[in-house]
Amino acid sequence: MDVRRTPILTALCLGLAFSSTGHPAAAAADKARPEKERKAHPPVSLEDLYTRLKQAEDEAEAKAIATLIERRLGRSGSATADLLSDRARQAMGGNDLPLAVELMDRAVALEPNWSEGWSRRATLFWRLSDSATAIADLQRALVLEPRHFEAWAALGKLYLAQDDKGRALDAFRRAEALYPQWDMLKKAIEKLTPDVEGRDL
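Residues numbered from 1 in each chain as written. Predicted model: local features only at pLDDT ≥ 70, side-chain atom pairs only at ≥ 80, totals over all residues. Heavy atoms only, no water.

### What to know about helix 5 (residues 79-93)
Between its first and last C-alpha, helix 5 extends 21 Å over 15 residues, near the 21 Å set by a 1.5 Å rise per residue. Among all positions of helix 5, only Ala 81, Leu 84, Ser 85, Ala 88, Ala 91 and Met 92 are buried. For helix 5, the arc enclosing every buried residue in end-on projection is 115°, short of the 170-degree limit, so these residues lie on one face. Of the exposed residues in helix 5, those oriented more than 90 degrees away from the buried face are Ala 79 and Gly 93. (Helix = DSSP H or I, 4+ residues; strand = E, 2+ residues; numbered from the N terminus. Expected span 1.5 Å × (residues − 1). Buried < 20%, exposed > 50% of the residue type's maximum accessible area, 1.4 Å probe, protein only. Arc of directions from axis to C-beta.)

Given below as structure tokens:
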């Protein structure tokens, strides 16, 4: 949900190889490698990353994988939409929320199927205290990408702010099913469950 992107923590634990295609020598060396060798290390798919996130054994590993997923989701597929989103982030940093909303409006108009774009716009409406629009944007983001764990977590927070504990708990549980090592979700679920489902006698 956050318009800001967090830097990648580490990919070493995943065994991923990152290409240095921006460097001419590296690009030439990569091109010179046998095709069979290049095919032996295909790019890791988003599906694989979500699977690894569920199977991560500790919080550090999970956070690294989650960051990779966030980076993938952060690409709209349009250089213009990405630029608009980056400028929206800068405007939000300068507390110019109306300008940030206008920029994100343009970004999602260009790329209406960009789940992260709707999630980022939701952040802005939340900052503007427009919870109804923020919730609608998050719901749209989740239709486009049901595995968007940040959007589920953000939706849970918004429902909780409205004292809708049942929906908040459901949203947090959906996020936890995707990202089991996210400690914040565990704490929220533990706190809400007795209120929603009653306490054990």
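### A few points about helix 7 (residues 115-127)
Note that an α-helix has 3.6 residues per turn; residues three or four places apart therefore point the same way. Here helix 7 contains 13 residues, and its C-alpha end-to-end distance of 19 Å stays within 8% of the 18 Å for a straight helix at 1.5 Å per residue. Most of helix 7 is tucked away, with eleven of its 13 residues classed as buried. Within the span of helix 7, buried status applies to Ser 115, Glu 116, Gly 117, Trp 118, Ser 119, Arg 120, Arg 121, Ala 122, Thr 123, Leu 124 and Phe 125. Buried-residue contacts for helix 7 involve helix 4 (59-73), helix 5, helix 6 (97-110), helix 8 (131-144) and helix 9 (149-161). (Contact = heavy atoms within 4.5 Å.)

### Thoughts on the packing of helix 7 against helix 8
With their axes 8 Å apart at the nearest point, helix 7 and helix 8 run at an angle of 165° to one another. Taken as axis vectors, helix 7 and helix 8 run roughly antiparallel relative to one another. Considering the relative orientation of helix 7 and helix 8, their crossing is left-handed. Contacts from Ser 115, Trp 118, Ser 119, Arg 121, Ala 122, Phe 125 and Trp 126 of helix 7 reach helix 8 at Thr 133, Ala 134, Asp 137, Leu 138, Arg 140, Ala 141 and Leu 144. (Axes fitted to C-alpha atoms, helices over the stretch in contact; angles between N-to-C directions. Parallel < 35°, antiparallel > 145°, perpendicular 65-115°, else oblique. Left-handed = near helix turned anticlockwise from the far one by under 90°.)

### Quick look at the side chain of Thr 193
Its place among the elements puts Thr 193 in helix 11 (residues 183-197). Judged by its relative accessible area of 19%, Thr 193 falls in the buried class. Apart from the residues within four sequence positions on either side, Thr 193 is in contact with Leu 169, Arg 173 and Gly 198.

### Description of the environment of Asp 170
Tracing the chain through its elements places Asp 170 in helix 10 (residues 165-178). By relative accessible area, Asp 170 is classed as partly exposed at 38%. Residues Asp 170 and Thr 193, spaced 23 residues apart in sequence, show a C-alpha to C-alpha distance of 9.8 Å.

### Side note on the packing of helix 3 (residues 46-55) against helix 4
At a closest axis distance of 9 Å, the pairing of helix 3 and helix 4 adopts a crossing angle of 155°. With respect to their mutual orientation, helix 3 and helix 4 come out roughly antiparallel. The handedness of the crossing between helix 3 and helix 4 comes out as left-handed. Along the contact surface, helix 3 presents Leu 46, Leu 49, Tyr 50, Arg 52 and Leu 53, while helix 4 presents Ala 62, Ile 65, Ala 66, Leu 68, Ile 69, Arg 72 and Leu 73. Among the residues making up the contact of helix 3 with helix 4, the classes are represented as ten nonpolar, no polar and two charged. (Nonpolar A, V, L, I, M, F, W, Y, C, P; charged D, E, K, R; others polar.)

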